[in-house]
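Spelled out from the first residue to the last, the chains are:
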Amino acid sequence: MLNIILFTVLQVFMFMSILFVLALLIKDNSIVDIGWGLGFILIFLSNYLLFSDYNPRQTLVTSLIFIWGIRLANYIYSRNKGKKEDFRYAKWRQDWGKNWIIRSYLQVFMLQGFLMLTIAYPVFVLHYDKGKPFSLLDLLGLFIWLIGFYFESIGDLQKTCFKSKDENRGKVMKSGLWRYTRHPNYFGEAAMWWGIFLIMLNVPYGLLTIFSPLIITTLLLFVSGIPLLEKKNADNPEYQEYAKHTSVFFPWFPKR
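The structure displayed is predicted, hence computed values, not measured ones. (Residues numbered from 1 in each chain as written. Predicted model: local features only at pLDDT ≥ 70, side-chain atom pairs only at ≥ 80, totals over all residues. Heavy atoms only, no water.)

**A closer look at a positive patch on the surface**
Test applied: Residues form patches when they are more than 30% accessible in relative terms and have no salt bridge. Like charges link within 9 Å. Nonpolar side chains (Val, Leu, Ile, Met, Phe, Trp, Tyr) link within 5 Å. For the accessible areas, the method is Shrake-Rupley and the probe is 1.4 Å, while residue cover comes only from the protein chains on display. Salt bridge, as used here: a side-chain nitrogen of Lys or Arg that lies within 4 Å of a carboxyl oxygen of Asp or Glu. The charged-residue count follows a simple rule in which Lys and Arg add positive charge and Asp and Glu add negative charge, with His and chain termini not counted at all. Throughout, a charge is located at the NZ atom of Lys, the CZ atom of Arg, the CG atom of Asp or the CD atom of Glu. Only runs of H or I of at least four residues qualify as helices and only runs of E of at least two qualify as strands under DSSP, and these elements are numbered from the N terminus. Three labels apply to residues, based on accessible area from a 1.4 Å probe with only protein chains included: buried if under 20% of the type maximum, exposed if over 50%, partly exposed otherwise in between.
Among the surface-exposed residues, Arg79, Lys83, Lys163 and Lys232 lie close enough to one another that they form a single positively charged patch. By the element assignment, Lys83 lies in the loop between helix 3 (56–80) and helix 4 (87–96). Its relative accessible area of 56% is what places Lys83 among the exposed residues.

Take a look at the structure:
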């Protein structure tokens, strides 16, 4: 197991370092967001090909990570193509001054690499799976994952279509899934990892993988997800009115 962990750590270190060099060349740290989903694909797929028994549960979890990661990376690439650096990274670049290179490497790329390794912890536990037949927990986990994938992918698609229309420029998205939660994509992201956790409960030591959904949910709710976007819209009267009637995270019917 130690050799698998060391291999994965080195893999992520090299991947994030290469991303950092590319970011320097194109002068855009936003590339790290594209690398987020691709990094998980690299971790799970390489471990699956090199170290797994190719049993159904290992195949299922690896496939779910691949589907999620490739969709997310493609979406962020399409969204960012031809645009300036994301406002978060642009602000940090300005705030960090002459130290922005080393701080970008450590606080953006290496930090995300560390979080990636922590959230990807199920990849190590999967090696203990002896191929026990699927149970209701697997089906429930897959069902939760599918709900999450629906909310994230459809939420992103609805937002993209909304923003593509000139008449919606500067307006707040309040229809579709966005009518029931202000952040359907973030809810979907968290739900997918909780779904994978339920699947992992059928694997020895699977309970330890609860760190994955807990960390990603905490990040989305309290750190780099919802708080930043809510702060960005703090001075937008239309958004504040929308916020009064719409759940911030869990989907629910709008308040009257």
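Having seen the structure, we can now continue with the description.
**Considerations on the pattern of salt bridges**
Close approach of charged atoms lets side chains of opposite charge pair. Per the counting criterion, the structure on display carries eleven salt bridges. Of the charged contacts in the structure, one is a salt bridge between Arg71 and Asp156, with a shortest N-O distance of 2.8 Å. Residue Arg71 is located in helix 3, and its partner Asp156 is located in helix 7 (residues 136–163); the two are separated by 85 residues in the primary sequence. Accessibility classification places Arg71 together with Asp156 in one group, the buried group. We note a salt bridge from Arg93 to Glu85, for which the minimum N-O separation is 2.8 Å. Given a relative accessible area of 16%, Glu85 falls into the buried group.

**Let's talk about the packing of helix 2 (residues 31–51) against helix 3**
What counts, and what does not: Note on definitions: angles span 0 to 180 degrees between N-to-C directions of axes, and those axes are lines fitted to C-alpha atoms, for helices only across the stretch in contact. Throughout this description, any angle smaller than 35 degrees is read as roughly parallel, any larger than 145 degrees as roughly antiparallel, any in the 65 to 115 degree range as roughly perpendicular, and the remainder as oblique. In this scheme, a crossing is called left-handed if the near helix is turned counterclockwise away from the far one by less than a right angle; it is called right-handed if the turn is clockwise. Polarity classes work like this: nonpolar for Ala, Val, Leu, Ile, Met, Phe, Trp, Tyr, Cys and Pro, charged for Asp, Glu, Lys and Arg, and polar for all others, with Gly in that last group.
The N-to-C vectors of helix 2 and helix 3 enclose an angle of 160°; their axes lie 8 Å apart at closest approach. Considering their axes alone, helix 2 and helix 3 lie roughly antiparallel with respect to each other. Helix 2 and helix 3 meet at a crossing whose hand is left-handed. Per-class residue counts for the contact of helix 2 with helix 3 are 17 nonpolar, five polar and one charged.

**Some details on the side chain of Arg182**
What counts, and what does not: Identification of polar contacts relies on pairs of N or O atoms within 3.5 Å, with a donor-acceptor requirement for protein atoms, meaning one able to donate a hydrogen and the other able to accept it, and with residues adjacent in sequence counted only if both atoms are side-chain atoms. Here a residue-residue contact requires only that any non-hydrogen atoms of the pair lie within 4.5 Å.
Within the secondary structure, Arg182 is located in the loop between helix 7 and helix 8 (184–200). Relative accessible area serves as the criterion here: at 11%, Arg182 is assigned to the buried category. Reaching out from Arg182, the side chain makes a polar contact with the backbone oxygen of Thr246 at a distance of 2.7 Å. If we ignore the near neighbours within four places in the chain, the residues touching Arg182 are Glu230, Tyr239, Tyr242, Ala243, Thr246, Ser247 and Val248.

**Quick look at the side chain of Gln112**
Tracing the backbone shows Gln112 in helix 5 (residues 100–119). Looking at Gln112, the relative accessible area reads 16%, which means it is buried. In this structure Gln112 touches Met16, Val32, Asp33, Trp36 and Tyr89, once residues within four positions along its chain are discounted.

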